[in-house]
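Remarks on the overall topology
For reference, the chains in residue letters:
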Amino acid sequence: MRWLLLKDLQILRRSKLLVGLLVVYPIAIALLIGLALSRGPDKPAVAFLNQVPLGQAVTNVGGEEIDFSRYADEIFEAVDPVRVKTRAEAIEKVESGAALAALIIPPDVVDRLNGGLGQAEIEVLYNGDALKQSYVQATIDSQLARANAALSAKIRDVAVEDLAVLTDGGEIHTPIGSHDLLGLRTAKEILAATLAELPADAPVRAGIERVDDFAGQALIGLGFATPALRAVSAPIQVETTVLSGSRTPLDAYAVALAVAVSLLLVSVLLAAGVLALEREEQAYGRLVRGLVAKTTLLAEKIALAAGCSALVGLAMLCGIGAFTGVDWSRFGLWIAALAAGALGCSALGVAIGALAREVRAASLLGLLLALPLAFLALVPSGAVAGGLYDVVRVVNAAFPFKPTLQALDAAVNGAEPGLWGSVAHLLALTAAFAALARLALRRFTA
Amino acid sequence: MSTEARGVTKRFGERIALRDVSLSVAEGELLAIIGPNGAGKTTLLSILAGILEPDAGELSRPMREIGWVPQQPAVYGKLSVRENLLLFARLERVADPAAVVERMLAQTGLADRADDELGTLSGGNRQRVNIAVGLLADPPVLLLDEPSSSLDPRQRERLWRFVDGLARENRTAVVFTTHNVAEAERWADRVLVLADGEVVFTGTPAELRTAEHHEERTDFEGAFVRFLRERGH
Ligand SMILES: Nc1ncnc2c1ncn2[C@@H]1O[C@H](COP(=O)(O)OP(=O)(O)OP(=O)(O)O)[C@@H](O)[C@H]1O
Ligand SMILES: [Mg+2]
């Protein structure tokens, strides 16, 4: 086995063009798929002009302090802020494309909120890049909606409190100071007591009775106002729950996907190719005449292809890891996932190689099978009818690509389901496909 | 008796490639198998070599003890001559692979091409390496499938002298096929004529000449062709 391995490595070393293609092509495909699936730049540049005088970013709504910079911070989590000093500079940034949008907070925004002079306004400028604008717009809109919701909740709470003071009495805070309010309920009690002491024919009685009546009606009316206010400020409350699916963000998933696709293609093409080469060179007959057991020959091809493809996968992970933030402490898990995935895919490769007499036929068969497998593994539940999706799931489980993807996603991103289930699945598939290849060799010898 | 096959039958689907073929070859004997294209020569040698399973019949020796030189060179185009020989010497587990390889390179006159990639050699030189690989383990029985077909006259002479030497000195039993009937007459101790999967003659070359009755017996090849035609092949 050692000599055969050495021989195959020598042949690979001398087939530089072929091996180069074999490595570059899958990586290129993998990265393209990864790119296609990942989102645009995570944080679009947005020019930001804050015209609110320093120290006035805090407003006071009914005694409650609201700090605007907190909402600005939330927006900045989703965009890359480019701070500018004037409105002209903001416009220039957007027009030149240095920023995809500009967010301008006018100086009177706090006053407007404070003074109740209508809605506070902020200004957003977009540049016309259709592809990216929608994303920026969505980001800013959603952040503004959140800020709006938070503000209106505050304002509602203050209004509800004020209403309570109006009906039951107590302290009320306004920009001009605090006042002790009597409250409608107490006012009505005082009126009732006054009416009880008044002679039945007192001339003021009719007027006071009307005021008492009004207080009663107002109490009932305001009783409805509080729940109505609460309903208006938070019309629908959304609670988000992610059920079963992968929780990995798309970009991190694309990394696992790119590596899995490379692993699949390199393993399958290499394993199928080196096995078919034995027959193309006619050496197969010579080898299995007692020089090497067929099982050993298969094991050697699986080991060779798995070793090479795992190395390619590791190089890719390290390469991607050097440029993006991956968790290097999971390195051991990477190795486990890469090894198991490479073994499974290489076993599939020798099963294909056992059917072909020539390297070209083996490569074609390998590609014909590998590409649909990769795409099938990406079919999301819900994209096809339930029955069909069950078929997709069975096919995905019967071939090593989906488990490889899951193992890598688990190893790199800590995704569910865990790593070891996928590894066990892959080892079982390795044994199954190796057995299938062994059978195929018996069937198609010489 | 060095090796023997009895009642060998082989079918490929409907086609019967070999029908009840028996042969034997003694130590130090050279047996030539001749016959038209598609007669079943390669099939018979492949069965003797153990790489094809017969549908019926028995073989007296395990394949490990039989050297085999296939009709198509079975060597690696991307490896050099020496690397090919070394690989198979190691796989054959010969005692001192490096020494055996050097000896073989000298014997086959390939020493000056030893470090060339096999894919860059001419067809005939590739065939010489193919033959050398079959000889590495010094087997008691050697099967050669059309070994001389791509060799030039000088290399052909050299090959047969070498094979003859193996039979005479090492007492190796040699079975070879050839379309060059003169070669069979000159080098073989016995010939076996195969046609449509059946043995139609076994005996010495001289006996094959006399088996053809009607014409003058000067040309061995002519005798062979007429022999076959007479029997409807
Ligand atoms: N793998 C195979 N599958 C199907 N038929 C085969 C196979 N190998 C050989 N045959 C058939 O068996 C018959 C004998 O073939 P074989 O190669 O043994 O002939 P041969 O005597 O060696 O011919 P040649 O002189 O051309 O080398 C032929 O009819 C051939 O078509
Ligand atoms: Mg033949």
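Every value quoted in this text rests on a predicted model; they were computed, and no experiment measured them. (Residues numbered from 1 in each chain as written. Chains lettered and ligands numbered in written order. Predicted model: local features only at pLDDT ≥ 70, side-chain atom pairs only at ≥ 80, totals over all residues. Heavy atoms only, no water.)

1. Considerations on the overall build of chain B
Under the convention used in this document: Each helix is a run of H or I in the DSSP string that is no shorter than four residues. Each strand is a run of E no shorter than two, and both are numbered from the N terminus. Only protein chains enter the area calculation, which uses a 1.4 Å probe; residues under 20% of their type maximum are buried, those over 50% are exposed, and those in between are partly exposed. By definition, residues are in contact when any of their heavy atoms lie within 4.5 Å. Surface accessibility follows the Shrake-Rupley procedure with a 1.4 Å probe radius. Residue values consider only the protein chains on display as shielding.
The secondary structure content of chain B amounts to 8 helices and 9 strands. When burial is assessed residue by residue, chain B has 53% of its 233 residues classed as buried. Long-range contacts, defined as pairs at least 24 residues apart, comprise 64% of the intrachain contacts of chain B with a sequence gap of at least 6. Here chain B has roughly 10,200 Å² of accessible surface; of this, 46% comes from carbon and sulfur atoms.

2. Some thoughts on the interface of chain B and chain A
Heads up, the condition is: Summed over both partners, the accessible area lost on bringing two parts together, with a 1.4 Å probe, is the buried area. In the sections that follow, a salt bridge refers to a side-chain nitrogen of Lys or Arg positioned within 4 Å of a carboxyl oxygen of Asp or Glu.
Contacts between the two partners involve 30 residues from chain B, matched on the other side by 21 residues from chain A. Area buried by chain B at its contact with chain A is led by Tyr76, Lys78 and Leu91 of chain B, which between them contribute 29% of it. In this structure, the connection of chain B to chain A is made through 1 salt bridge. Among the salt bridges present, the one from Arg14 of chain A reaches Glu83 of chain B, with a minimum N-O distance of 2.6 Å.

3. Description of the confidence of the model for chain A
Predicted coordinates in regions of low pLDDT should not be interpreted in detail. All names here are of chain A. Using the following cut-off: The quantity called pLDDT is the predictor's confidence in a given residue, expressed from 0 to 100.
Averaged over every residue, the pLDDT of chain A is 81; residues scoring 70 or more account for 81%. Per-residue pLDDT, averaged within each element of chain A, yields its smallest value for strand E2 (residues 58-61) (60) and its largest for helix H12 (residues 331-353) (95). Low pLDDT, under 50, characterises residues 235-247; the predicted model gives this stretch 3 contacts beyond four residues in sequence or across chains.

4. Details of the site of ligand 1
All names here are of chain B. For clarity, the cut-off: What makes a residue near a molecule or strand is one non-hydrogen atom of that residue sitting within 4 Å of it. Here a polar contact is taken to be a pair of N or O atoms separated by no more than 3.5 Å, where protein atoms must pair a possible hydrogen donor with a possible acceptor and residues adjacent in sequence count only if both atoms sit in side chains. All residues other than Ala, Val, Leu, Ile, Met, Phe, Trp, Tyr, Cys, Pro, Asp, Glu, Lys and Arg, Gly among them, are scored as polar; the first ten of these are nonpolar and the last four charged.
Residues in contact with ligand 1 amount to 14 residues; listed here are only the nearest, Gly38, Lys41, Thr42, Thr43 and His179. Here an oxygen atom of ligand 1 sits 2.8 Å away from a polar atom, N or O, in the side chain of Asn37. Lys41 places a polar side-chain atom, nitrogen or oxygen, 2.7 Å from an oxygen atom of ligand 1. Elements supplying a minimum of two residues to the shell around ligand 1: strand E2 (15-25) and helix H1 (41-49). With 3 residues, H1 is the single largest residue contributor to the shell around ligand 1. Looking at side-chain class alone, the shell around ligand 1 contains 4 nonpolar, 7 polar and 3 charged residues.

5. Quick notes on the packing of helix H1 (residues 2-14) of chain A against helix H2 (residues 81-91) of chain B
The line we're drawing: Axis geometry follows a simple rule: fit a line to the C-alpha atoms, using only the stretch in contact for helices, then measure angles between N-to-C directions, giving values from 0 to 180 degrees. Roughly parallel means an angle under 35 degrees; roughly antiparallel means over 145; roughly perpendicular covers 65 to 115; every other angle is labelled oblique. Note on convention: near helix rotated counterclockwise from far helix by under a right angle means a left-handed crossing. Clockwise means right-handed.
Two elements in contact, H1 of chain A and H2 of chain B, have axes separated by 10 Å at closest approach and are oriented at 160°. It follows from the interaxial angle that H1 of chain A and H2 of chain B lie roughly antiparallel. For the crossing formed where H1 of chain A meets H2 of chain B, the hand is left-handed. Taken together, the residues of H2 of chain B that come into contact with H1 of chain A (itself represented by Trp3, Leu4, Leu6, Lys7, Gln10 and Arg14 of chain A) are Glu83, Leu87, Arg90 and Leu91 of chain B. Taken together, the residues of the contact of H1 of chain A with H2 of chain B sort by class into 5 nonpolar, 1 polar and 4 charged.

6. Some thoughts on the confidence of the model for chain B
With 96% of its residues at a pLDDT of 70 or more, chain B has an overall mean of 88. Model confidence for the complex: the whole-complex pTM is 0.69, and ipTM, which rates the interface, is 0.84.

7. Thoughts on the pattern of salt bridges
Taken as a whole and judged by the stated rule, the model has 22 salt bridges over all chains. A salt bridge links Asp168 of chain A to Arg185 of chain A, with the shortest nitrogen-to-oxygen separation between them at 2.9 Å. Taken as a pair, Asp168 of chain A in helix H6 (residues 130-168) and Arg185 of chain A in helix H7 (residues 184-197) lie far apart in primary sequence, 17 residues in all. Exposure remark for Arg185 of chain A: the relative accessible area of 42% places this residue in the partly exposed category. Where Arg168 of chain B meets Asp164 of chain B, a salt bridge forms, and the shortest distance between an N and an O atom there is 3.0 Å. One end of the pair, Arg168 of chain B, and the other, Asp164 of chain B, are both in helix H5 (residues 153-170), 4 residues apart, so they sit about a helical turn from each other.

8. Some points on helix H15 (residues 401-413) of chain A
All names here are of chain A. Heads up, the rule is: A helix is expected to reach a length of 1.5 Å times the quantity of its residues less one.
With 13 residues, H15 ought to run about 18 Å at 1.5 Å a step, and its terminal C-alpha atoms sit 17 Å apart, in line with that. The buried fraction of H15 is high, at 11 of 13 residues. Along H15, the positions that sit buried rather than exposed are Phe401, Lys402, Pro403, Thr404, Leu405, Ala407, Leu408, Asp409, Ala410, Ala411 and Val412.

9. A short note on the sheet that holds strand E4 (residues 56-59) of chain B
All names here are of chain B. The condition is simple: In short, DSSP must find at least two bridges between two strands for them to pair.
Read across the open sheet, the 3 strands follow the order E2-E1-E4; overall the sheet is antiparallel. In this open sheet, the two edge strands, each paired with only one partner strand, are E2 and E4. Taking each pair of neighbouring strands and ignoring which way they run, the sheet shows an average axis angle of 15°. Here 3 bridges tie strand E1 (residues 3-12) to E4, and the two strands are oriented antiparallel to one another. Bridged to Arg6 within E4 is Glu58. Running at roughly 60° to E2, H1 makes contact with E1, E2 and E4 of the sheet.

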